[in-house]
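The primary structure of each chain is shown beneath.
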Amino acid sequence: MMSAAAQEQQLTTMLAGIGIVLLAGLVLGRFARRLRQPLVIGEITAGIMLGPSVLGHLPGDLPNVIFPADVRPLLSAVSQVGLVLFMFIVGWEFEKRLVRPHASLAAGVSLGSIVLAFGLGVALATVLHPRHSTVAGHHVSFIAFATFMGTAMSVTAFPVLARILNDNKLMETRVGTIALASAAIDDVLAWCMLAYVSALVSADGDYAKLIRIGVLSLGYVALMLGVVRPFLARVIWRWAAVERWSALLVLLCAGAFLSAWLTSWIGIHAIFGAFLFGFVMPREPTRVLGQHLRKPIDNMSLVLLPVFFIVTGLGVDLGALSGQDCLALALIIAVACVGKLLGAIVPARMAGLPWREAKDLGLLMNTRGLTELVILNAAVSLGVLDGRMFTMLVIMALVTTAMAGPLLSRPRTKPDSEESVADLSRPRT
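Residues numbered from 1 in each chain as written. Predicted model: local features only at pLDDT ≥ 70, side-chain atom pairs only at ≥ 80, totals over all residues. Heavy atoms only, no water.

Looking now at the overall build of the protein. Along its length, the protein carries 18 helices and two strands. Dimensions of the protein, computed from C-alpha atoms along their principal axes, come out at roughly 60 × 55 × 50 Å. Here the protein holds 429 residues, and 54% of them are scored as buried. A separation threshold of at least 6 residues defines the contact pool for the protein, and within that pool the share at least 24 residues apart is 83%. (Helix = DSSP H or I, 4+ residues; strand = E, 2+ residues; numbered from the N terminus. Buried < 20%, exposed > 50% of the residue type's maximum accessible area, 1.4 Å probe, protein only. Contact = heavy atoms within 4.5 Å.)

Have a look at this one:
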């Protein structure tokens, strides 16, 4: 039993660690912005630098001094709070209006990039699985590993993509609207694939358990769409009319946490529950809800989410990669780029888009950013990835995200419509 003094020491050490994380993320985030990179690039880099890859090479074993082993579970818990709120916002920000203007082309680009990237990811798994089939003494089945690799290759980070579009003044161009619509579809499909991988791993070869998880998942989705969505619409309409914003804020946060718990209990990852709770949220009145509800929750996740990056960074150890691992990393990056670039460029060209716009669309769909980190951490918690594979995939996410901005063409096209796409999507990290 830990003494009160030891508990107090553990808590204060955690608070100091959070303070260091926030400052490091702020400094490197601003540096990333100067390099015309998304804020998330700097924050992820800060997490890696505070881990064994950089700080761990200095005298004194600094990562374990600043983030002791007994404090890391607390940091992980704080990061999960920020992650659940972030996933709730991601689900809430999904707008059907983003998809409508270019629905058929967006669907073609999204499905093309997912199918090719997923297929190449599964093919890549046949090469990588033999050296990464055991995690913490447990065997990882090829099906689980290959399905996850396909999912990891298929991801496009909608929030980061929106930020890149905004920074490069592409938000209101044709390629910008198509990219946003495609990424929105891609995000939903990615979370569904992750839910399937979670169920597959949780079942552990027990098909009866897998069927049970599938049935409960369908019941959960039906509950959210048929009961929770109309309930939220009524409550928000009534409480907003009398400006009970504080009560609504508490209700939404509680709903996101309970929905995350429910999906975890079912056997799929908690982030899926937070995402779907946000997905069923009412969008109207957009401006009022954004000001009084979405913005405060978004701000909370902005403060807590950098802790997620340090938890991720502590698991990244570049020094543990061998020469063979470096070759595998190069192969992973190549497969990731080919899958998303060709998967997006080919359907865009077939639909009549000029080469320049098709190329930009491929680069944008290749950004993985924070969404990829969420999926990678989910895979680690499920016991699908070992430390070396986790490190390689984090580096792949950084490279594919960082390459988009410098390689994008300068905008020359006029806005597609008079309605600004910026009003339909609120980009963040």
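Counting residues in hydrophobic clusters, the biggest one holds 121 residues, and the most contacted among them are Phe-148, Met-149, Trp-191 and Leu-393. In terms of residues, this core owes the most to one element, helix α9 (residues 174–203), which gives 15 residues. Counting 15 residues, the second largest nonpolar core, distinct from the first, contains Val-21, Ala-24, Leu-28 and Val-78. (Core = buried A, V, L, I, M, F, W, Y, C linked by side-chain atoms within 4.5 Å.)

Looking now at the packing of aromatic side chains. Under the criterion given, the structure shown has three aromatic pairs. On the basis of an interplanar angle of 35° and a centroid distance of 5.6 Å, the ring pair of Phe-88 and Phe-277 is categorised as tilted. Of this pair, Phe-88 sits in helix α4 (residues 72–93) while Phe-277 sits in helix α12 (residues 270–279), placing them 189 residues apart in sequence. Each of the two residues, Phe-88 as well as Phe-277, counts as buried. Chaining the aromatic ring pairs together yields one cluster made of Phe-88, Trp-92 and Phe-277. (Phe/Tyr/Trp six-rings, centres within 6.5 Å; stacked < 30°, edge-to-face > 60°.)

Following both chains from N to C, one finds helix α13 (residues 286–314) and helix α16 (residues 369–381) inclined at 55°, their axes separated by 11 Å at the closest point. Classified by the angle between their axes, α13 and α16 sit oblique to one another. The handedness of the crossing between α13 and α16 comes out as left-handed. Between α13, through Leu-305, Phe-308, Phe-309 and Thr-312, and α16, the contact on the second element is made entirely by Leu-370, Leu-373, Val-374 and Asn-377. (Axes fitted to C-alpha atoms, helices over the stretch in contact; angles between N-to-C directions. Parallel < 35°, antiparallel > 145°, perpendicular 65-115°, else oblique. Left-handed = near helix turned anticlockwise from the far one by under 90°.)

Now for the side chain of Ser-154. Its place among the elements puts Ser-154 in helix α7 (residues 142–154). Ser-154 sits in the buried class, given a relative accessible area of 0%. Within polar-contact distance, the side chain of Ser-154 engages the backbone nitrogen of Phe-118 at 3.4 Å. A distance of 2.5 Å separates a polar side-chain atom of Ser-154 from the backbone oxygen of Gly-150. The contact partners of Ser-154, leaving out residues within four places of it in the chain, are Ile-114, Ala-117, Phe-118, Asp-186, Met-193 and Lys-340. (Polar contact = N/O pair within 3.5 Å; in protein donor to acceptor, adjacent residues only side chain to side chain.)

Further remarks concern the pattern of salt bridges. Side chains bearing opposite charge may pair, as long as their charged atoms lie close to each other. What the rule picks out here adds up to five salt bridges. Across the pair Lys-340 and Asp-186 runs a salt bridge whose closest N-O atoms are separated by 3.0 Å. Of this pair, Lys-340 sits in helix α14 (residues 323–350) while Asp-186 sits in helix α9, and the two are 154 residues apart along the sequence. Accessibility expressed as a relative area gives 0% for Lys-340, which makes it buried. One network of salt bridges, with partners in common, ties together Arg-131, Asp-325, Asp-386 and Arg-388. (Salt bridge = Lys/Arg side-chain N within 4 Å of Asp/Glu carboxyl O.)

Attention shifts here to a nonpolar patch on the surface. Together, Leu-116, Val-338, Leu-342, Val-346 and Met-350 make up an exposed nonpolar region whose accessible area comes to about 450 Å². Among the elements that line the nonpolar patch, the one with the most residues is α14, at four residues. With respect to the helices, strands and loops of the structure, Val-346 is situated in helix α14. (Patch = residues over 30% accessible without salt bridge, like charges linked within 9 Å, V, L, I, M, F, W, Y side chains within 5 Å. Areas by Shrake-Rupley, 256 points an atom, 1.4 Å probe, with all protein chains shown as cover.)

The predicted coordinates of low-pLDDT regions are not to be read in fine detail. Taken over all residues, the pLDDT of the protein has a mean of 83, while the share at 70 or more is 92%. Ranking the helices and strands of the protein by mean pLDDT puts α14 first, with 93, and helix α5 (residues 96–99) last, with 57. In the predicted structure, residues 413–429 sits below a pLDDT of 50 and forms 50 contacts with residues beyond four places in sequence or in another chain. (pLDDT = per-residue confidence, 0-100.)

Another aspect to go through is the environment of Gly-387. Considering the arrangement of structural elements, one finds Gly-387 in helix α17 (residues 387–402). Given the relative accessible area of 44%, Gly-387 is considered partly exposed. Between the alpha carbons of Gly-387 and Val-135 there is a distance of 8.5 Å; along the sequence they are 252 residues apart.

Right, let's get into the state of the cysteines. Summed over the entire model, instances satisfying the criterion amount to zero disulfides. Lacking any disulfide linkage, Cys-326 is separated from the closest cysteine sulfur, that of Cys-337, by 17 Å. (Disulfide = S-S within 2.5 Å.)

The next point concerns the side chain of Glu-372. Tracing the chain through its elements places Glu-372 in helix α16. Here Glu-372 occupies a buried position and makes no salt bridge, while the nearest side chain of opposite charge, Arg-368, is found at 4.4 Å. Among residues more than four places away in sequence, those in contact with Glu-372 are Ala-152, Val-155, Met-396 and Ala-397. (Lys, Arg positive; Asp, Glu negative; His and termini not counted.)

With that out of the way, let us pick up the environment of Val-140. Along the chain, the position of Val-140 falls in the loop between β2 (138–139) and α7. Judged by relative accessible area, Val-140 falls into the buried class, the value being 5%. On a C-alpha basis, the gap between Val-140 and Gly-29 in space is 36 Å, while along the polypeptide they are 111 residues apart. For Val-140, the contacting residues outside a window of four places in its chain are His-129, Ser-133, Val-135, Phe-145, Gly-383 and Val-384.

Let us look at the packing of helix α6 (residues 103–128) against α14. Contact geometry of α6 with α14 gives a least axis separation of 7 Å together with a crossing angle of 155°. It follows that α6 is roughly antiparallel to α14 by the angle criterion. Judged by the sense of rotation from one axis to the other, the crossing of α6 with α14 is right-handed. Contacts between α6 and α14 involve Leu-105, Gly-108, Val-109, Gly-112, Ser-113, Ile-114, Leu-116, Ala-117, Leu-120, Gly-121, Leu-124 and Leu-128 from the former and Ala-328, Leu-331, Ile-332, Val-335, Val-338, Gly-339, Lys-340, Leu-342, Gly-343, Ala-344, Pro-347 and Ala-348 from the latter.

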